[in-house]
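A closer look at the structure
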Amino acid sequence: MTPPPPLGRPRNKDGPAFDPALDDAPLAAARDALARGRWPEARDLLARTGRDWDRRGHRLVVLGAGKTSLAWAHEWQLAEPDSADAAALLACAAVFRAARGRDGPEQARTACLSAARMDPADPSPWLALQILSHRTGSGDECVRAFDQVRARHRDHHHAHHLMAACLAEQSGGRDDPLHEVYDFASWAAERAPADSPLAVLPVVAHAERYRVLARAGLEPRDPARSGHWSTRRARQVMKCAFDWWLEWDAEDHPRRKIDLNFLAHAKFLEGRMAEAAALFTRIGPHATRAPWSYPDRDPKKVFRAARDSALGSV
């Protein structure tokens, strides 16, 4: 008898996975073990991750998002009360539980600050607090948490994406090329090292702004009917990001598939099918819900239709 696939993994290998672990197989295995109550696998994974802050943040967020992660993080912390990794996982799990409305945000905030004290150099507890602030707090709280992350890892990928999403939600007109989210994304991309995937952040900001405008009724809810990706500014942003990808293609970055999804989404809506097809090939099964779900669409249907159209055109 063939055993069932691991928890959370796609059954259809040819279809989009929408697995937050992306292509990190050790992370997916540790997450599935944690869901079954086996926390030593998560402990060993985080120990191997070390001070690679982007990878550590990605792994902690995925591990913490599980519905039973908080209980097993508590078990780990009881067994190893001096473990900063256990405290960081507990903080992330508490944040997602608060985001689901199961606990109050203050309990999660306390867990984040406690984890931050255990390892002052680690940006991950502050990343968790930034997620909490974006989900349940205010824009100012999100900015303060971002500043704490950036003070520890200046080019933190996930924190910059969160900041773009947060700033995109600030007020502004439909055609506002001076909106602060665009300034922020341009600033971050320009000051980052040449090989940094933050070069794609202006494309992320453009998609996040569309999400906000479409939900407010200021853009069509079908992005294909929107002119959001056909302005001169949008074309410049997308060309710069695509050229960066051609030159650098940060294959070792743990969240690179997220950037590829945003870039493929933009290129498809721009009508650049050959470029979109190249990106879809690199994405493989590792689709992400954002931005294919924007503003409130079925990401599986949208991703498949876009991928089939792009690949069928070349």
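In case you missed it, the structure is sitting above this.
Being a predicted model, the structure only gives us computed values, none of them experimental. (Residues numbered from 1 in each chain as written. Predicted model: local features only at pLDDT ≥ 70, side-chain atom pairs only at ≥ 80, totals over all residues. Heavy atoms only, no water.)

**Considerations on the packing of helix 3 (residues 53-64) against helix 5 (residues 84-99)**
- Following both chains from N to C, one finds helix 3 and helix 5 inclined at 55°, their axes separated by 8 Å at the closest point. When the axes of helix 3 and helix 5 are compared, the pair comes out oblique. Read as a crossing pair, helix 3 and helix 5 show a hand that is right-handed. Residue-level contacts link Arg56, Leu60, Val61, Leu63 and Gly64 of helix 3 to Ala84, Asp85, Ala88, Leu89, Cys92, Ala93 and Phe96 of helix 5.
- Per-class residue counts for the contact of helix 3 with helix 5 are 9 nonpolar, 1 polar and 2 charged. (Axes fitted to C-alpha atoms, helices over the stretch in contact; angles between N-to-C directions. Helix = DSSP H or I, 4+ residues; strand = E, 2+ residues; numbered from the N terminus. Parallel < 35°, antiparallel > 145°, perpendicular 65-115°, else oblique. Left-handed = near helix turned anticlockwise from the far one by under 90°. Contact = heavy atoms within 4.5 Å. Nonpolar A, V, L, I, M, F, W, Y, C, P; charged D, E, K, R; others polar.)

**Observations concerning the pattern of salt bridges**
- Scanning all chains against the criterion turns up 27 salt bridges.
- Of the charged contacts, one joins arginine 55 and aspartate 52 as a salt bridge, the two residues approaching to 3.1 Å between their closest N and O atoms.
- The closest approach of N and O atoms between arginine 56 and aspartate 122, which form a salt bridge, is 2.8 Å. With arginine 56 in helix 3 and aspartate 122 in the loop between helix 6 (105-118) and helix 7 (124-136), this pair connects stretches of sequence that are 66 residues apart.
- For arginine 56, a relative accessible area of 2% translates into the label buried.
- One continuous salt-bridge network, built from bridges that share partners, spans Lys267, Glu270, Arg272 and Glu275. (Salt bridge = Lys/Arg side-chain N within 4 Å of Asp/Glu carboxyl O. Buried < 20%, exposed > 50% of the residue type's maximum accessible area, 1.4 Å probe, protein only.)

**Side note on the nonpolar core**
- Grouped together as the largest cluster of nonpolar side chains are 94 residues, with contacts concentrated most on Leu63, Val203 and Phe280.
- Per-element accounting of this core gives the leading share, 12 residues, to helix 5.
- What phenylalanine 280 contacts, discounting residues up to four positions off in sequence, is Ala264, Trp292, Phe303, Ala306, Arg307, Ala310 and Leu311. (Core = buried A, V, L, I, M, F, W, Y, C linked by side-chain atoms within 4.5 Å.)

None of this, on its own, says anything about what the molecule does.
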